[in-house]
Amino acid sequence: MTKDIKAGKNEWPLWEVFIRSKAGLDHKHAGSLHAADAEMAIENARDVYTRRMEGVSIWVVESKNIIASDPGESESLYEPANDKIYRHPTFYNLPEEVKYM
Amino acid sequence: MTVPTFQEHFDSLIDREVTIEPKDWMPDDYRKTLIRQISQHAHSEIIGMLPEGNWITRAPTLRRKAVLLAKVQDEAGHGLYLYSAAETLGVSRDELYEQLHSGKAKYSSIFNYPTTSWADIGAIGWLVDGAAIMNQVPLCRTSYGPYARAMVRVCKEESFHQRQGFEIMLTLAKGTEVQKKMAQDAFNRWWWPSLMMFGPPDAESPNTAQSVRWRIKRLTNDELRQKFIDVTVEQAKVLGLDMPDKDIKWNEERGHYDSGPINWEEFKNVVKGNGPCNKQRLDTRKKAWAEGEWVRDAAMAHADKRKARQQAAKAA
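Residues numbered from 1 in each chain as written. Chains lettered and ligands numbered in written order. Predicted model: local features only at pLDDT ≥ 70, side-chain atom pairs only at ≥ 80, totals over all residues. Heavy atoms only, no water.

Draft legend 1. Just the overall build of chain B, in detail. Looking only at helices and strands, chain B has twelve helices and two strands in total. A principal-axis box enclosing the C-alpha atoms of chain B has dimensions of 75 × 60 × 35 Å. Counting all 316 residues of chain B, 51% fall into the buried class. A fraction of 77% describes how many contacts in chain B between residues 6 or more apart in sequence connect residues 24 or more apart. Surface summary for chain B: the accessible area is close to 15700 Å², and the carbon and sulfur share equals 57%. Positive and negative side-chain charges of chain B, numbering 45 and 42 respectively, have mean locations separated by a distance of 6 Å. (Helix = DSSP H or I, 4+ residues; strand = E, 2+ residues; numbered from the N terminus. Buried < 20%, exposed > 50% of the residue type's maximum accessible area, 1.4 Å probe, protein only. Contact = heavy atoms within 4.5 Å. Areas by Shrake-Rupley, 256 points an atom, 1.4 Å probe, with all protein chains shown as cover. Lys, Arg positive; Asp, Glu negative; His and termini not counted. Charge placed at Lys NZ, Arg CZ, Asp CG, Glu CD.)

Draft legend 2. Here's a closer look at the nonpolar core. Leu33(A), Tyr30(B), Ile38(B), Tyr144(B), Phe187(B) and Trp190(B) are the most contacted members of the largest nonpolar core, which has 95 residues in total. When residues in this core are grouped by element, the largest group, ten residues, is from helix α5 (residues 119-136) of chain B. Leaving out residues up to four positions away in the same chain, Ile38(B) has contacts with Leu82(B), Ala85(B), Ala86(B), Leu89(B), Tyr144(B) and Tyr147(B). (Core = buried A, V, L, I, M, F, W, Y, C linked by side-chain atoms within 4.5 Å.)

Draft legend 3. Representation of the side chain of Lys217(B) in the model. Residues and elements named next belong to chain B. Relative to the elements of secondary structure, Lys217 occurs in the loop between α8 (208-213) and α9 (221-239). We note that Lys217 is buried and unpaired, the nearest opposite charge coming from Asp202 at a distance of 6.3 Å. Within the local environment of Lys217, its side chain forms a polar contact with the side chain of Asn221, the two groups lying 2.9 Å apart. Apart from residues lying up to four places away in sequence, Lys217 is in contact with Leu139, Ser205, Thr208, Ser211 and Val212. (Salt bridge = Lys/Arg side-chain N within 4 Å of Asp/Glu carboxyl O. Polar contact = N/O pair within 3.5 Å; in protein donor to acceptor, adjacent residues only side chain to side chain.)

Draft legend 4. Region of the structure containing the pattern of salt bridges. Applying the stated criterion across every chain yields a total of 28 salt bridges over all chains. Between Glu234(B) and Lys237(B) there is a salt bridge, with the nearest N and O atoms lying 3.4 Å from each other. Within this pair, Glu234(B) and its partner Lys237(B) are both found in helix α9, separated by three residues, close to a single helical turn. Here Glu234(B) falls in the partly exposed class, since its relative accessible area comes to 36%. One connected set of salt bridges, linked through shared partners, spans Arg51(A), Arg52(A), Asp74(B) and Glu157(B).

Draft legend 5. Structural context of the packing of aromatic side chains. Residue and element names in this part refer to chain B. The final tally for this structure, using the stated rule, is 18 aromatic pairs over all chains. Residues Tyr97 and Trp289 carry aromatic rings whose centres are separated by 4.6 Å and whose planes lie at 65° to one another, so their mutual orientation is edge-to-face. Residue Tyr97 is found in helix α4 (residues 93-102), and its partner Trp289 is found in helix α11 (residues 278-291); the two are separated by 192 residues along the sequence. Overall, Tyr97 belongs to the buried group, its relative accessible area being 11%. Residue classification places Trp289 among the partly exposed residues on the basis of a relative accessible area of 25%. (Phe/Tyr/Trp six-rings, centres within 6.5 Å; stacked < 30°, edge-to-face > 60°.)

Draft legend 6. Inspection of the interface of chain A and chain B at higher detail. Contacts between the two partners involve 29 residues from chain A, matched on the other side by 27 residues from chain B. Summed over both partners, the interface of chain A with chain B comes to about 2400 Å²; 48% of that surface belongs to carbon and sulfur atoms. Of the charged contacts, one joins Glu157(B) and Arg51(A) as a salt bridge, the two residues approaching to 2.7 Å between their closest N and O atoms. Where chain A packs against chain B, one counts 14 residue pairs in polar contact (both at pLDDT 80 or more). Residue contributions to the side of chain A that touches chain B peak at four residues, all from helix α1 (residues 38-49) of chain A. (Buried area = accessible area lost by both parts, 1.4 Å probe.)

Draft legend 7. Spatial organisation of the sheet that holds strand β2 (residues 27-34) of chain A. Residues and elements named next belong to chain A. Pairing within the open sheet is antiparallel, and its three strands lie in the order β2-β1-β3. Where the open sheet ends on each side, the last strands, each with one partner, are β2 and β3 (57-62). Here the strands of the sheet are splayed against their neighbours by 25° on average, with no regard to which way each runs. Bridge count for strand β1 (residues 14-20) against β2 is seven bridges, and the pairing is antiparallel. (Pairing = 2+ DSSP bridges. Axes fitted to C-alpha atoms, helices over the stretch in contact; angles between N-to-C directions.)

Structure, rendered in structure tokens:
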């Protein structure tokens, strides 16, 4: 994913490619590529990112449509979760007798 | 509490082996060096298709032809992974192509040597891809995320390239006298340029220290070259071929093979543009790009038209 790109004037748009490697798993970002339209983006993604059967499903989205969080703001963005350790099971002490919980 | 500067924060990420991602702050020199290194690598993959493409129509069997096609297609793919990694640093694909076509950007000098016999396809896979793997494996842990992820993909695919080359060499080396001679001749011609692929000696590589610090280089040129020599000598024994370097000798004390001097004048000359095929390679590339222009434009025009038609249908 890119920011502040000085796009060439005749360049095909940039697309981000997400691939599901097998049924039951999430789509995962694989990389990006250029294509004139969505259909070509899928076909190019097949050729570029699944030459060895790496995928059973492909998503493509034009890079300009992705909104990303700002790493410079990470501290305040994730602050709400920062002090809530009681959201983790390890926060709770159980008596020894309780074997499985 | 003092607030760390951007530079201090970046340095601490590097020190803690944390990956740098596209939207993170990074020093200008880091960005520039990465763009140069990644795009040079991408260009090498793209130009690297040409010497081998030369033999696709003349591969000796259908199996060899299918394999060579798949290998060349992989190289196109590797070029694309790397170009898109470079683009995350804020440079456009068109700019990168422009730098290649104008000669401003370099690609690996090895591809400026001709492929004069079928055995060269074996030698390239075995030696050139072997040297490339040596260079690339440490880069899977490089500090810049998109680059490291691209290298993981490249390395996964590259080992088939080296094996298919070795298989060609083995078949020729175990074949008729003429075939064995072909294999030895290809080995002789590709050996020295392959050693040059690791770049100038450490003493003449002033940027190495900074690149190692940034983790965009993990081993020095000479360290990688020595590793390559050590493994290749053993592989040549399996092939029953003679090392093209008569000074190759095991050094018990160092635990490495000693080797003869490399002709760095030749290397500099090829990098400068005076190798046997520099002009031919770049001309071929520029011609392909220029002749494809109408296809790229037509595809874009078609996509725009279709989008407009869909929008009109929606509005109606």
